[in-house]
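Below, each chain spelled out in residue letters.
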Amino acid sequence: MRIDILTVLPGLLKGPFDESIVKRGIDKGLVEVHVHNLRDWSNNKHNKVDDAPFGTAAGMVLAMQPLHDAITDLQSQRDYDEVIFLTPDGETLAQPRVNQLSLSGNLMLICGHYKGIDQRLRDHVITLELSIGDYVLSGGELAAAVLTDALVRLLPGVIGDETSALSDSFQDGLLAPPVYTRPAVYNGWKVPDVLLSGNHAAIDAWQEEQALARTKARRPDLLEGRDL
Ligand code: ADE
């Protein structure tokens, strides 16, 4: 997979890809993440990348020319499965969408800033708009980092234990069950007996029951329409 990210603040995306799972995916050659500075496409003599909106709206929008040129330039080099705009009014990101996008070859992520981007780009060039939650960030960079992380950890070979991404919360529509580690008794707090029993069928049944109970208690909305 290749992910191209267009941003006016590339520095914001230095850290997230230099550590942990995304770094491992990059180092193993399973994903390429390219962060591009929109200013590199600006024809303005001061490399300006913002512009005033028509009408009476306050604030600035990302300038049309550098953004459109950057997208067109990247698209001339390869086909993209999706050109994604990160925006609080997009589809709220959830695991099924991440799973689907993880099968892509090339993705382009556009980080908005100021008051957003020209609606004509959203109408004609952007193929998918995603939000990472009902709150407003200063720009799309952190959302792009979240999406990239969620995608990369699903790529085969990135996480050592192939089954571990499948047992994440949400992967089967349920929250994950609680986990425990050694020692079996710590500070007087005991690990549930069943986990120490060595009985795999009983452990599986307990974990399923716990996942369901936790989902019912914390996220009953996930169970709506399910026949359980
Ligand atoms: N840009 C600003 N806020 C955002 C959000 N919640 N999700 C995605 N992109 C954003």
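Structural data are supplied above this passage.
Model, not experiment: these values are computed from the prediction.

A.B. asks: Even after reading the chapter, I still don't get the pattern of salt bridges, so can you show me in this structure?
C.D. replies: Two side chains bearing opposite charge may form a pair once their charged atoms approach each other closely. This model, assessed by the stated rule, comprises 12 salt bridges. The partner of Arg2 in a salt bridge is Glu32, and the shortest N-O contact between them spans 3.5 Å. Of this pair, Arg2 sits in strand β1 (residues 2-7) while Glu32 sits in strand β2 (residues 32-37), and the two are 30 residues apart along the sequence. Judged by relative accessible area, which is 15%, Arg2 ranks as buried. The partly exposed category is assigned to Glu32, whose relative accessible area is 42%.

A.B. asks: Looking at this structure, how should I read helix α5 (residues 141-152)?
C.D. replies: Residues three or four positions apart in an α-helix share a direction because the helix packs 3.6 residues into each turn. Its 12 residues place the ends of α5 16 Å apart at the C-alpha level, agreeing with the 16 Å of an ideal helix rising 1.5 Å per residue. Turning to α5, its buried residues number three or more, namely Glu141, Ala143, Ala144, Ala145, Leu147, Thr148, Ala150, Leu151 and Val152.

A.B. asks: What is the right way to read the sheet that holds β1 from this model?
C.D. replies: Backbone hydrogen bonds hold the strands of a sheet together, and the pairing may be parallel or antiparallel. Read from one edge of the open sheet, five strands run β2-β1-β6-β5-β7, paired in parallel fashion. Among the strands making up the open sheet, the edge pair consists of β2 and β7 (128-131). Pairs of neighbouring strands in the sheet enclose a mean axial angle of 30°, with direction left out of account. Across five bridges, β1 lies against strand β6 (residues 106-111) in parallel orientation. Bridge assignment links Leu6 to a residue of β6, and that residue is Ile110.

About the thresholds
Residues numbered from 1 in each chain as written. Predicted model: local features only at pLDDT ≥ 70, side-chain atom pairs only at ≥ 80, totals over all residues. Heavy atoms only, no water. Salt bridge = Lys/Arg side-chain N within 4 Å of Asp/Glu carboxyl O. Helix = DSSP H or I, 4+ residues; strand = E, 2+ residues; numbered from the N terminus. Buried < 20%, exposed > 50% of the residue type's maximum accessible area, 1.4 Å probe, protein only. Expected span 1.5 Å × (residues − 1). Pairing = 2+ DSSP bridges. Axes fitted to C-alpha atoms, helices over the stretch in contact; angles between N-to-C directions.

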